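# Chain and residue survey
Here are the chains, one letter per residue:
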Amino acid sequence: MTRVHNFSAGPAALPEPVLQQAAAEMLDWHGSGMSVMEMSHRGPQFMTILDEALALFRELLDVPAAYRVLFMQGGALGSNAFVPMNLLGDKTSIDFIDTGEWSKKTIAEAHKYAAVNLAASSAASGYTTIPPRESWLLDPAAAYVHLCANETIGGVEWHTTPDVGSVPLVADVSSTILSRPLDVSRFGLIYGGAQKNIGPAGLTIVVVHESLLGRALPITPSAFDFRVLADNGSMYNTPPTYAIYIAGLVFNWIKAQGGLPAMERRNAEKAALLYDTLDASSLFSNMVDKACRSRMNVTFKTPDPRLDTAFVAGADARGLVQLKGHRVVGGMRASIYNAMPLEGVQALVNYIKEFEAQHR
Ligand code: PMP
């Protein structure tokens, strides 16, 4: 068996010990004689799995007591619909900070439910930066202010949480959640898909302040009404059971590694190694402002798309896979989430240097 270094943006690499444990427990989970996939979601075995996963998640992220954690379905793009449905209440508009492709998708969806106020955008820069806080035109009457904590396609990440006054702050944290500590109390709500740092696709996590529950528009499907999900302990409908089980194993793995401070140290080290290599290169470059470079998704390119194609093919041949950049921006993208070991980034850095020496 050969395992590659997988730089996929998501669904992404998982920690190997997690996959091994899942394989060992596949046919018989803890003497139950069943796979987790075959269990009733309301049976005692799965309830234990769910309760442990929820408790570990709260512990890792240090979620304050006034917040409810929902394990649900729908993904981040689904959330782009059901977050406004749940939070608008009697308000009619939402403020957006637009920092790239995923922000744009969120904004496009919001138009269906509310008036959109584009409070700030970095489109003019080619989405290589985050608009400075002084330039934002926030509306005090907005239902909430939305930002994308990490633009997975462009490789732009917020490294601080902005102050937006008394209007709740909402963030799409799909590609940063559990990669570093986060002060949840600064947000009204955070949401994201699990398939980057947490587990398989299919699980969507919402962390919401209790005061924002109970405002859902009447058209909100019950299975996506946060109040209903919170009242039913994420069990109003059948939750994505196997994805929750794997997420629980990942939470245990993160805890054993030293929790989110340890993840942050490692992720910062991996990202620095890669960005330093790109900065020292005369062939490859990263276009993002240094202050908001992503630690999760490192984007880079050569001046010639044909060289980019050759780079990706050569990487593939060495077991450094899924490095092709998103089709919207081209070039390359190395996604280096929690499960990517330092050795994987070291192998990529060695290849970048070799490729440059050959194509100078
Ligand atoms: N937002 C961000 C920041 C993402 O990275 C992604 C997935 N790459 C999405 C939204 C879309 O998520 P999903 O496909 O789970 O709906």
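These numbers were taken from a predicted model, which means no experiment stands behind them. (Residues numbered from 1 in each chain as written. Predicted model: local features only at pLDDT ≥ 70, side-chain atom pairs only at ≥ 80, totals over all residues. Heavy atoms only, no water.)

## Comments concerning the state of the cysteines
Filter applied, for reference: The disulfide criterion used throughout: a pair of cysteine sulfur atoms within 2.5 Å. Any residue under 20% of the maximum accessible area for its type is buried, any over 50% is exposed, and the rest in between are partly exposed; the area is computed with a 1.4 Å probe on protein chains only.
In the structure shown here, the tally under the stated rule is zero disulfides. For the unlinked cysteine C148, the closest cysteine sulfur is that of C292, found at 13 Å. A relative accessible area of 2% places C148 in the buried class.

## Brief notes about the site of the ligand
For clarity, the threshold we go by: We call a residue near a molecule or strand when any one of its heavy atoms sits within 4 Å of it. Any pair of N or O atoms that falls within 3.5 Å is considered a polar contact. Within protein, one atom must be able to donate a hydrogen and the other to accept it, and sequence-neighbouring residues count only if both atoms are side-chain atoms. Using a 1.4 Å probe, the Shrake-Rupley method yields the accessible areas, and only the shown protein chains count as cover for residues. Under the DSSP-based scheme used, a helix requires at least four consecutive residues in state H or I and a strand at least two consecutive residues in state E, with every element numbered from the N terminus. When residues are grouped by polarity, Ala, Val, Leu, Ile, Met, Phe, Trp, Tyr, Cys and Pro land in nonpolar, Asp, Glu, Lys and Arg in charged, and all others, Gly among them, in polar.
The ligand sits among G75, A76, L77, W102, C148, N150, T152, D172, S174, Q195 and K196. Separating an oxygen atom of the ligand from a side-chain N or O atom of Q195 is a distance of 2.9 Å. Look at the ligand: alone it shows 400 Å² of surface, and the protein chains cover 83% of it. With three residues, the top contributor of residues to the shell around the ligand is helix 3 (residues 75-87). A breakdown of the residues in the shell around the ligand according to their chemical character gives four nonpolar, five polar and two charged.

## Quick word on the domain arrangement of the protein
Applied cut-off: Residue ranges assigned to the domains are those given by an automatic or database domain assignment. Contacts: residue pairs with any heavy atoms within 4.5 Å of one another. The term buried area refers to how much accessible surface (probe radius 1.4 Å) is lost by two components on association, counted for both of them together. The working definition used for a salt bridge is a side-chain nitrogen of Lys or Arg within 4 Å of a carboxyl oxygen of Asp or Glu.
Domain annotation of the protein identifies domain 1 (17-255) and domain 2 (259-358). Distance from the C-alpha centre of domain 1 to the C-alpha centre of domain 2: 27 Å. Across the contact, 25 residues belong to domain 1 and 25 residues belong to domain 2. Summed over both sides, the interface of domain 1 with domain 2 buries roughly 2,100 Å², with 57% coming from carbon and sulfur. Three residues, T128, I153 and W253, lead the burial of domain 1 against domain 2; their summed loss comes to 23% of the area buried on that side. On the surface where domain 1 and domain 2 come into contact, there are one salt bridge. We note a salt bridge from R180 to E264, for which the minimum N-O separation is 3.8 Å. Remark: the boundary between domain 1 and domain 2 carries 14 residue pairs in polar contact (both at pLDDT 80 or more). Of all elements in the fold, only helix 2 (44-61), strand 7 (156-157) and helix 6 (241-257) reach the threshold of two or more residues within the side of domain 1 that touches domain 2. No other element matches the three residues that helix 6 contributes to the side of domain 1 that touches domain 2.

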